[in-house]
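A closer look at the structure
For reference, the chains in residue letters:
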Amino acid sequence: MKKTVTTLADGRELIYYDARDDAVRDAVDARPLDPVSSASEIRYDALLGDSVAVASHRQTRTYHPPADECPLCPTRDERLSEIPAPDYEVAVFENRFPSLAGENGRCEVVCFTSDHDASFADLTPERAALVLDAWTDRTAELAERPGVEQVYCFENRGAEIGVTLGHPHGQIYGFPYVTPRTALMRRQAAEHRARTGRNLFDDVVARERADKVRVVLENEHWIAFVPYAAHWPYEVHLHPTRRVPDLRALDGAARTAFPQIYLELLRRFDRIFGPGEPPTPYIAAWHQAPFTGEDRAEFGLHLELFTVRRAPGRLKYLAGTESGMGAFMNDVPPETAAERLREVASK
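Residues numbered from 1 in each chain as written. Predicted model: local features only at pLDDT ≥ 70, side-chain atom pairs only at ≥ 80, totals over all residues. Heavy atoms only, no water.

**Here's the deal with the overall build of the protein**
Along its length, the protein carries six helices and 15 strands. The C-alpha atoms of the protein give 20 Å as radius of gyration, which agrees with the globular expectation for 347 residues (20 Å, within 12%). Dimensions of the protein along its principal axes, counting C-alpha atoms only, are 60 × 50 × 45 Å. Residues classed as buried in the protein amount to 50% of the 347 residues present. Within the protein, contacts between residues at least 6 apart in sequence are counted, and of these 63% link residues at least 24 apart. Roughly 16500 Å² of accessible area belongs to the protein as shown, and the carbon and sulfur atoms make up 51% of that amount. (Helix = DSSP H or I, 4+ residues; strand = E, 2+ residues; numbered from the N terminus. Rg over C-alpha atoms; globule rule 2.2 N^0.38 Å. Buried < 20%, exposed > 50% of the residue type's maximum accessible area, 1.4 Å probe, protein only. Contact = heavy atoms within 4.5 Å. Areas by Shrake-Rupley, 256 points an atom, 1.4 Å probe, with all protein chains shown as cover.)

**Section: the sheet that holds strand β5 (residues 90-94)**
Taking strand neighbours across the sheet as the criterion, the 11 strands line up as β1-β2-β5-β6-β8-β7-β12-β13-β11-β10-β9 in an open arrangement whose pairing is antiparallel. The sheet terminates laterally at β1 (2-7) and β9 (215-218), the two strands that pair on one side only. Between one strand axis and the next, the sheet turns by 20 degrees as a mean value, whatever way the strands run. In terms of strand pairing, strand β12 (residues 282-287) meets strand β13 (residues 302-307) through five bridges, oriented antiparallel. For A285, the partnering residue across the bridge sits in β13 and is E304. (Pairing = 2+ DSSP bridges. Axes fitted to C-alpha atoms, helices over the stretch in contact; angles between N-to-C directions.)

**Examining the state of the cysteines**
In this structure the tally under the stated criterion is zero disulfides. C73 provides the cysteine sulfur closest to C70, a residue in no disulfide bond, and the two sulfurs are 3.8 Å apart. Given the relative accessible area of 3%, C70 is considered buried. (Disulfide = S-S within 2.5 Å.)

**Examining the packing of helix α1 (residues 125-143) against helix α4 (residues 252-271)**
Each packed pair of helices is defined by two parameters, the angle between the axes and the distance between the axes. Between α1 and α4, whose axes approach to 9 Å, the crossing angle comes to 115 degrees. Viewed along their axes, α1 and α4 form a crossing whose handedness is right-handed. Here P125, A128, A129, L132, D133, W135 and T136 of α1 lie close against α4, whose contacting residues are R255, F258, P259, Y262 and L263. Of the residues in the contact of α1 with α4, the class split is nine nonpolar, one polar and two charged. (Left-handed = near helix turned anticlockwise from the far one by under 90°. Nonpolar A, V, L, I, M, F, W, Y, C, P; charged D, E, K, R; others polar.)

**Topic: the nonpolar core**
In this structure, F120, W135, W222, L238, Y262 and W286 are the most contacted members of the largest nonpolar core, which totals 55 residues. Setting aside residues no more than four positions away along its own chain, W222 makes contact with L238, H239, P240, T241, L250, A254, A257, F258, I261 and W286. Core analysis: the second largest hydrophobic core is formed by 14 residues, L8, Y16, F93 and L165 among them. (Core = buried A, V, L, I, M, F, W, Y, C linked by side-chain atoms within 4.5 Å.)

**Description of the pattern of salt bridges**
Under the definition given, this model contains 36 salt bridges. When the shortest N-O distance is used, the salt bridge between E141 and R138 registers 3.3 Å. One end of the pair is E141 and the other is R138, both in helix α1 and three residues apart, which spans about a single turn. Using a relative accessible area of 30% as the deciding quantity, one classes E141 as partly exposed. The closest approach of N and O atoms between D203 and R198, which form a salt bridge, is 2.7 Å. The class of D203 is partly exposed, set by a relative accessible area of 22%. Take R198: its relative accessible area is 43%, and that puts it in the partly exposed class. Each of K3, E13, E94, R106, E108, D137, R138 and E141 takes part in a single network of salt bridges with overlapping partners. (Salt bridge = Lys/Arg side-chain N within 4 Å of Asp/Glu carboxyl O.)

Written out as structure tokens, the structure reads:
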């Protein structure tokens, strides 16, 4: 992998990731941009014990632009974009409208391909491996930034999820605090260790492998299953078979095996609801251990993939119990979801 670091016209960092060592990325951003001014503020919620980022400047962010004005496409035919190069493989840049900035963390955009009409599922295994390399490199670099407690790599896909740019891309957040969901996992892992003497993540994977009914697919280095208490209609958790705390700790064999199993999962998601249905909206989220705490080694890196679509033409809206109380109700039994995901395997 070759990494080329440059800057955009307003001073934001742009990083190209290329599979070939001889790739040349010397295009200059010719846009007349003013320096980015963000007003991100972190406020602590005393009742819940968590934090909220207040970022009023995001109200003016780009919203559903026409395809020929996409800011994530390469710069071509005098159409200037966030990527000055006329083509690219994987590109990462600082978000122009960040929720977190400065001392309050960092937000980055990850463009998986220059092809506006593609999706992650359309990538080759080689390109998916390059994206994994980019996620890993960004995790390593952000881990060294003062004040960053946790790195979250994720992809939102589909208008139903709330995506405002159709180009295949994801984001990376460097949080200045441990997120509530991660804090809950750490607490559960600590209680499980105190009660049983065993690791919670290892036991969850062992249970699913023993039960078999919710396992969707598996290879030597990864296992994908619908969790026993899935919150979403179709939800899959992907774990490395050798537990590690974050992306940096994956060994070469796991990294090599990742693209094929992940691409197959995404392609199955697009086939859940049958032919003729639009692409399945989803969120794909890497859960990594925070960088501080004596319990880092207890955490298990994993990816959670889920959709808000519950049936053809029907979405899973968060009702009053879920939005108001965080108490989820799932209409699709996890065993049924797993069976469907096995049925739509690639031929």
